[in-house]
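Next come the chains, spelled out residue by residue.
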Amino acid sequence: ISFYTWSTPVAIEMAAAAREAGVQDIWGGNYGAIGPELEKHFTHLVKGPGEAAVHHYVYGRPLPFVRHPAMLGRSGFRGVSSPVGYLYSKRGCNVGCTFCSTPIFNPREEAIAMENITDALDAYREARVAHVIIYDESFFLDNPLAEKVVDALAERSLPWICLTRADLIRGRIGELTDRAMDGAIIGIESYKDANHADVHKRDDVYRVRDTVRELNQYGRRSLGTFMIGFERDRIEDMEFDVRQLANEGLFACQLTLLTPFHGTKLWRDMAPLINETDLSKFDLYHLVWDHPDMSASEARDV
């Protein structure tokens, strides 16, 4: 049963139904599996990618490598839908942003060999996808394979969008545009350097905004993530930040509330303030802790 934190209650219901039906082995996986008090509901909890654990269980021997499957889907925005392909050149991250669950769930940064990626790229070309979305936690970070992946995408005339850190592409947008870059998803997160420092975000506000301007200059899609509800922020601060965000020229932005997920450093630091026990509320859109300046309903309004 693969689930996120917010779907934990449903996963527990599914586990109970499976047990009632006589199922002996009930595994829990994906990010939800690092949540609290799950051992009584599952016979085994898998942290990190599940292929190796499942392969060893089925065949009794280690998994030698992962061959990247073609993962086709559709991306919809403002009423327009296009076929897309999803790609990972590596999984895992140990940079240590305190709000992120990945260093807890999957701290080992494991690359997928180029020869095990090319079949997926060929399938995306054959499907004529509008673009390939690269969902590494931070594409280009300590990953020489990333350059080979970009070259392989360009050779196939496959436009691509990557999830990355602003400092890893700043000053390179022109060159990457020539190599079929369609855009980038970057974490803006806050317009206050102090907030960045609080969560160990490894970039400053000015340089992040400079990267957004560079993406816009070259006509690339700039997609952002932005968090409101830091402890030092007041409602008027957040409303001001959102107005600034609206003028940033972003193609799209995911706006979320600062959320301490189980096991993260943020969760440990904020433990005395966490006031929500319903894990379905840990979805980035509900305030689950005592903010000094706003209630949960005010957070939703902002």
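One can find the structure itself at the top, above this paragraph.
Each value, and the rule that gives it
- What you see as residue numbers is a count from 1 along each chain, following the sequence as written.
- With the structure being a predicted model, the display of local features is reserved for residues of pLDDT at least 70 and the display and counting of side-chain atom pairs for 80 or more, all residues being used for whole-chain, interface and lining totals.
- Excluding hydrogens and water, the side-chain figures rest on all heavy atoms present in the structure.
- Pairing of aromatic side chains here covers Phe, Tyr and the six-membered ring of Trp, requires ring centres within 6.5 Å, and sorts the geometry by plane angle: under 30 degrees stacked, over 60 edge-to-face, intermediate tilted.
- Only protein chains enter the calculation, and the probe is 1.4 Å; a residue is then buried if its accessible area is under 20% of its type maximum, exposed if over 50%, and partly exposed in between.
- Secondary structure follows DSSP: runs of H or I at least 4 residues long count as helices, runs of E at least 2 residues long count as strands, and numbering of each begins at the N terminus.
- Paired strands, in this sense, are two strands between which DSSP finds at least two bridges.
- Only the contacting stretch of a helix is used when fitting its axis, a line to C-alpha atoms as for every element, and angles between N-to-C directions run 0 to 180 degrees.
- The contact rule is simple, with two residues in contact once any of their heavy atoms fall within 4.5 Å.
- Multiplying 1.5 Å by the residue count of a helix minus one yields the expected span of that helix.
- Think of the arc as the fan of directions from the helix axis to the C-beta atoms.
- A carboxyl oxygen of Asp or Glu within 4 Å of a side-chain nitrogen of Lys or Arg is what we treat as a salt bridge.

A.B. asks: Explain the packing of aromatic side chains here, please?
C.D. replies: Aromatic ring pairs are reported here in terms of the distance separating the ring centres and the angle at which the planes meet. Per the stated rule, a full pass over the model turns up nine aromatic pairs. Judged by centre distance (4.5 Å) and plane angle (50°), the rings of Phe 139 and Phe 140 are tilted. For the pair Phe 139 and Phe 140, one class covers both residues: buried. Where Phe 140 meets Trp 160, the ring centres are 6.4 Å apart and the plane angle is 65°; that geometry is what we call edge-to-face. You can see Phe 140 sitting in the loop between β7 (131-134) and α5 (145-155) and its partner Trp 160 sitting in strand β8 (residues 160-164), a full 20 residues away along the chain. When sorted by exposure, Phe 140 lands in the same class as Trp 160, which is buried.

A.B. asks: Could you clarify how one ought to interpret the sheet that holds strand β11 (residues 252-257) in this entry?
C.D. replies: Across a sheet, paired strands are connected by hydrogen bonds in the backbone, their directions being either parallel or antiparallel. Pairing is mixed in the open sheet, where seven strands are placed in the order β3-β4-β7-β8-β9-β10-β11. Whereas interior strands pair on both sides, the edge strands pair on one side only; in this sheet they are β3 (71-77) and β11. Mean inter-strand twist for the sheet, computed between neighbouring axes without regard to direction, equals 25°. The pairing of strand β9 (residues 181-189) with strand β10 (residues 221-228) spans six bridges and is classified as parallel. Looking at the pairing, Ile 186 lines up with Gly 224 of β10. Where helix α10 (residues 235-246) meets the sheet, it contacts β9, β10 and β11, and its direction lies at approximately 180° from that of β10.

A.B. asks: Mind showing me how you'd approach helix α1 (residues 8-20) here?
C.D. replies: For an α-helix, the turn length of 3.6 residues means that residues three or four places apart are oriented alike. For α1, spanning 13 residues, the distance from its first C-alpha to its last is 18 Å, which sits close to the expected 18 Å at 1.5 Å a residue. Regarding α1, the residues found buried are Thr 8, Ala 11, Ala 15 and Ala 18. All buried residues of α1 lie within an arc of 80° about the axis, which places them on one face of the element. For α1, the exposed residues set more than 90 degrees away from the buried face come down to Glu 13 and Glu 20. Positive backbone phi, approximately 95°, marks Gly 22, located one or two places after α1.

A.B. asks: I would appreciate a short explanation of the pattern of salt bridges in the present structure.
C.D. replies: Two side chains bearing opposite charge may form a pair once their charged atoms approach each other closely. Summed over the entire model, instances satisfying the criterion amount to 15 salt bridges. As a salt-bridge pair, Glu 147 and Arg 172 come within 3.0 Å of each other at their nearest N and O atoms. Of this pair, Glu 147 sits in helix α5 while Arg 172 is found in the loop between α6 (166-169) and α7 (173-177), placing the two residues 25 residues apart along the sequence. Across the pair Arg 179 and Glu 147 runs a salt bridge, and its minimum N-O distance is 3.0 Å. Placement of the pair is Arg 179 in the loop between α7 and β9 and Glu 147 in helix α5, with a sequence separation of 32 residues. A relative accessible area of 15% means that Arg 179 is categorised as buried. The exposure class of Glu 147 is partly exposed, given its relative accessible area of 26%. Residues joined by salt bridges that share partners form a network here, namely Glu 147, Asp 151, Arg 172, Glu 175 and Arg 179.

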